[in-house]
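Overview (structure and organization)
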Amino acid sequence: MAGRNGLFVPGPTNVPDRVLRSMVVPMEDHRSPKFPKLTLACLAGLKKVFKSETGTPFIFPSSGTGCWEAALTNCLCPGDTVLVARFGQFSHLWVDMCQRLGFEVQVLECEWGEGAPLDRYRHALEADTGRKIKAVLVTHNETATGVTSDVAGIRKSMDSVGHPALLFVDAVSSLGSIDFRMDEWKVDVCVSGSQKGLMLPAGLGLTCVSEKAMQARLETSKQPRCYFDYVDMLNQNKNGYFPYTPALPMLYGLKESLQAIEEEGLENIFKRHHYLAAGMRAAVQEGWGLKVCAKKPEWYSDTVTAVVVPEGIDAAKVIDRAFRRYNLSLGAGLSKVAGKVFRIGHLGDCNELMMLSAIGGAELAMLDCGVKIEPGSGVGAAQRWWRENEELASGTTGGM
Ligand SMILES: *Cc1c(COP(=O)(O)O)cnc(C)c1O
């Protein structure tokens, strides 16, 4: 197949060439006196991305899911109650993990396409007079539906009723792409991974743990845990080492991606994501006349858009056509929204031209599958939006 694959799933995302090259390295002794420099650079860079001065970042050789497990098994005891909203496949999987690990799970069921229900979180916390809820869980960016939730608002809900529970946030598809503030929002554990906004292959679980959550870890010493123990990691990380063999090339990649993030500037990156996402939504809503899965503009995600296909069309067929005929990878509709939506990822290393190829390719595939849209309508709407809103561009997508 000639030409490049158009990779527009919301993870793994495109890895910049400089990051790819940085990972082609000979293996090294991870106990050498030279090694700590690499570890410590990665950990220091991560703190900036988490916006945390007081938290402790960890790098686990896992995907994001491993860090969910680490948060639950380090900071809680079996049988503890957790409060969590379910509004998409990823929040669902976190609920499922909590149940499988033996926690009492209080689930706030929401429609898919909605964001975290701040009032219902507050009511549940208010009603918990016995303070049985030990952790509040929220998925910052629900990748299945393209919904971003208000984590600062959840913190406000918790504080307004003076609830002492820990706050765990899944920021797998938002960290480094959508503003996230660990310290300011008093997040106790932030869970993320390498293959989305951090522009790396999958394989690193990236997490940050507050002082309060570390204290909880020390007080829950009866909970069995081993591979994901924060304390083992902390003891070795202090000196720049790991308790087991680290994924060396991935660490070099992480160092490079953190460097790229530093050069562009986090705030510019957030701006770029918002600007590209707004053009994408113009393509869907104004160009194609279709709906996005997110039910209200306040929840629109700047990293992924889930496009609802018209009644009678199977979104899975559109995705299959896009790949087979145009070498374009679109994200599938998961579980409840399977067949109803396809997703376009716009996070990480992206610019306008890449987005136009995704929009144009999705148009071709939809037309082939019988969706009644005008050829070029999405491309035109996105072009118009970007041209009319240049002041919102971060200035980081151009070649000069
Ligand atoms: C991708 C994703 C996950 C799962 O992460 P893995 O790295 O695949 O384990 C969890 N939550 C959200 C919101 C995601 O987007």
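In short, a report on the structure. Everything quoted here is computed from the prediction, not taken from an experiment.

**Considerations on the sheet that holds strand β11 (residues 291-292)**
As summarised here, the arrangement of the 3 strands in space is β11-β12-β14, forming an open sheet in which the pairing is antiparallel. Edge positions in the sheet fall to β11 and β14 (341-345), since each has one partner strand and no second. Of the pairings in the sheet, the one linking strand β12 (residues 304-308) to β14 comprises 5 bridges and is antiparallel in character. Within β14, the position partnered with Val-304 by the bridge is Gly-345. Sheet strands touched by helix α10 (residues 266-287): β11, β12 and β14. Its angle to β12, the strand with the most contacts, is close to 5°.

**As for the nonpolar core**
In this structure, Ile-59, Val-136, Phe-168, Phe-180, Tyr-230 and Leu-254 are the most contacted members of the largest nonpolar core, which totals 87 residues. In this view, Phe-168 contacts Ala-71, Leu-72, Cys-75, Leu-76, Trp-94, Ala-135, Val-136, Leu-137, Val-138 and Val-189; residues no more than four positions away in its chain are not counted. By size, the runner-up hydrophobic cluster in this structure holds 41 residues, among which are Ile-319, Ala-322, Ala-365 and Ala-382.

**Some points on the pattern of salt bridges**
Counted under the stated rule, the structure contains 20 salt bridges. Here Asp-179 makes a salt bridge to Lys-51, at a shortest N to O gap of 2.7 Å. Here Asp-179 is found in the loop between β8 (166-170) and β9 (189-193), whereas its partner Lys-51 is found in the loop between α2 (35-50) and β2 (56-60), with 128 residues between them in sequence. Looking at Asp-179, the relative accessible area reads 18%, which means it is buried. Among the residues examined, Lys-51 registers a relative accessible area of 24% and is labelled partly exposed. Salt bridges here are not isolated pairs; linked through shared partners, they connect Lys-51, Asp-179, Arg-181, Glu-184 and Glu-267.

**Observations concerning the packing of aromatic side chains**
Counted by the stated rule, this structure contains 10 aromatic pairs. Their ring planes at 70° and their centres at 5.3 Å tell us that Phe-60 and Phe-228 sit as a pair that is edge-to-face. Of the two residues, Phe-60 is situated in strand β2 and Phe-228 in the loop between α7 (211-219) and α8 (230-237); the sequence distance between them amounts to 168 residues. Take Phe-60 and Phe-228: they sit in the same class, and that class is buried. Ring geometry for Phe-180 versus Trp-185: centroids 5.6 Å apart, planes at 85°, classification edge-to-face. Each member of the aromatic cluster is reached from another via a ring pair, and the members are Phe-58, Phe-60, Tyr-227, Phe-228, Tyr-230 and Tyr-244.

What counts as what
Residues numbered from 1 in each chain as written. Predicted model: local features only at pLDDT ≥ 70, side-chain atom pairs only at ≥ 80, totals over all residues. Heavy atoms only, no water. Pairing = 2+ DSSP bridges. Helix = DSSP H or I, 4+ residues; strand = E, 2+ residues; numbered from the N terminus. Contact = heavy atoms within 4.5 Å. Axes fitted to C-alpha atoms, helices over the stretch in contact; angles between N-to-C directions. Core = buried A, V, L, I, M, F, W, Y, C linked by side-chain atoms within 4.5 Å. Buried < 20%, exposed > 50% of the residue type's maximum accessible area, 1.4 Å probe, protein only. Salt bridge = Lys/Arg side-chain N within 4 Å of Asp/Glu carboxyl O. Phe/Tyr/Trp six-rings, centres within 6.5 Å; stacked < 30°, edge-to-face > 60°.

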